[in-house]
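Tertiary structure, described
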Amino acid sequence: MELDKDSLQFTFASTIRALHKATALAFEQGGLELSPEQFHLLKIISSKEDSIQTELAETLQLDKSGIMRHIDQMETKGLVQRINDASDRRKKYIILTELGSRKFDECKTILDKLSDSILKGISDAEILVFKQVLTKLKENAER
């Protein structure tokens with residue numbers, strides 16, 4: 001079977017890989033020891049008062065063991081902390097530490113600069129249409 005580099009799937013996948021690579025490189029150059037996935041976890045955790053591992057796995061569409069690895073690494077770095085639920089010992093809440101909050105802010109600053117570079121020459125109207133198309137693609141794929 002011949003590789004169709006003009007296909008939507010190829011273009012989409014190669015764009016996602018390029019964006020992931022650019023984000024990882026920007027974090028590295030900024031002195032952050034975080035992967036793009038760990039940043040997304042920090043973002044979700046910072047937006048909620050009480051995140052639990054299962055919800056994080058569902059939100060990021062990753063398996064629980066993958067989430068656990070990321071959380072373990074982030075806990076070792078002092079970015080997050082696990083807190084036991086008082087009424088259910090099996091449930092652990094994940095919260096940002098002060099260091100995690102500072103690193104999250106650093107990541108946002110780096111991503112703002114990266115976004116400016118990546119979105120150069122693309123109008124707000126084009127971005128809006130792109131988001132609408134992506135939303136439709138996602139909805140169709142989830143049927």
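These numbers come from a predicted model, not from an experiment.

Here we come to the overall build of the protein. For the protein, the helix and strand inventory stands at six helices and three strands. What you see in the protein, going N to C, is helices and strands ordered as α-α-β-α-α-β-β-α-α. Oriented by its inertia axes, the alpha-carbon framework of the protein measures out at about 55 × 35 × 35 Å. Of the roughly 10,500 Å² that the protein leaves accessible, carbon and sulfur atoms contribute 54%.

This paragraph deals with the pairing of strand S3 (residues 92–96). In terms of strand pairing, strand S1 (residues 51–52) meets S3 through two bridges, oriented antiparallel. Directly across from Ser51, in S3, lies its bridge partner Ile94. The pairing of strand S2 (residues 80–84) with S3 spans five bridges and is classified as antiparallel. Bridge pairing in S3 places Val80 opposite Leu96.

A word on helix H2 (residues 36–47). End to end, H2 covers 17 Å across twelve residues, agreeing with the expected 16 Å (1.5 Å per residue, within 8%). What H2 keeps buried is the set Pro36, Gln38, Phe39, Leu41, Leu42, Ile44 and Ile45.

It is the contact of helix H1 (residues 8–29) with helix H5 (residues 98–118), at a shortest axis distance of 10 Å, that shows an interaxial angle of 135°. Relative to H5, H1 is oriented oblique. In this structure, H1 meets H5 at a crossing whose hand is right-handed. Within the contact between the two elements, H1 uses Leu19, Ala22, Thr23, Ala26 and Phe27 and H5 uses Cys107, Ile110, Leu111, Leu114 and Ile118.

On the secondary structure map, Arg82 appears in strand S2. Polar contacts involving the side chain of Arg82 include one to the side chain of Asp72, which spans 2.7 Å. Of the polar contacts made by the side chain of Arg82, one reaches the side chain of Glu75; its length is 2.4 Å. Setting aside anything within four residues of it in sequence, one finds Arg82 in contact with Gln53, Met68, Ile71, Asp72, Glu75, Lys92, Tyr93 and Ile94.

This part takes up the packing of aromatic side chains. Per the stated rule, a full pass over the model turns up two aromatic pairs. A ring pair is formed by Phe39 and Phe104, whose centres lie 5.6 Å apart and whose planes are at 15°; its orientation type is stacked. Of the two residues, Phe39 is situated in helix H2 and Phe104 in helix H5; the sequence distance between them amounts to 65 residues. Relative accessible area serves as the criterion here: at 9%, Phe104 is assigned to the buried category. Feature note: the residues Phe27, Phe39 and Phe104 constitute an aromatic cluster, connected by ring pairs.

Here Gln53 shows up in helix H3 (residues 53–60). Distance in space between the C-alpha atoms of Gln53 and Ser35 is 18 Å, their sequence separation being 18 residues. Dropping the residues within four chain positions of it, Gln53 is found in contact with Ile67, Met68, Ile71, Arg82, Lys92 and Ile94.

The next subject is the sheet that holds S2. Overall, antiparallel pairing links the three strands, which are arranged S1-S3-S2 in an open sheet. The sheet terminates laterally at S1 and S2, the two strands that pair on one side only. Against the sheet, H2 contacts S1, S2 and S3, and its axis sits at roughly 100° relative to S3.

About the criteria used
- Each chain has its residues counted from 1, running along the sequence as written.
- Where totals are concerned, whole chains, interfaces and linings use all residues; where local detail is concerned, this predicted model gives features only for residues with pLDDT of at least 70, and gives and counts side-chain atom pairs only at 80 or more.
- The side-chain quantities take in all heavy atoms of the structure and omit both hydrogens and water.
- In this text, helices come from DSSP runs of H or I with a minimum length of four residues, and strands from runs of E with a minimum of two, each type numbered from the N-terminal end.
- For the accessible areas, the method is Shrake-Rupley and the probe is 1.4 Å, while residue cover comes only from the protein chains on display.
- Strand pairing requires that DSSP identify at least two bridges connecting the strands.
- What a helix is expected to span follows from its residue count: subtract one and scale by 1.5 Å.
- Buried residues are those whose accessible area, probed at 1.4 Å on protein chains only, stays under 20% of the maximum for their type, while exposed residues exceed 50% and partly exposed ones sit between those limits.
- Inter-axis angles, ranging from 0 to 180 degrees, are taken between N-to-C directions of lines fitted to C-alpha atoms, where helices are fitted over the stretch in contact.
- In this scheme, roughly parallel covers angles under 35 degrees and roughly antiparallel covers those over 145, while 65 to 115 is roughly perpendicular and the rest are oblique.
- A crossing counts as left-handed when the near helix is turned anticlockwise from the far one by less than a right angle, and as right-handed when that turn is clockwise.
- The contact definition used throughout considers only heavy atoms, calling two residues in contact when any of these lie within 4.5 Å.
- Here a polar contact is taken to be a pair of N or O atoms separated by no more than 3.5 Å, where protein atoms must pair a possible hydrogen donor with a possible acceptor and residues adjacent in sequence count only if both atoms sit in side chains.
- Planes of paired rings set the category: under 30 degrees apart is stacked, over 60 is edge-to-face and the rest tilted, where pairs are Phe, Tyr or Trp rings (Trp by its six-membered ring) whose centres lie within 6.5 Å.

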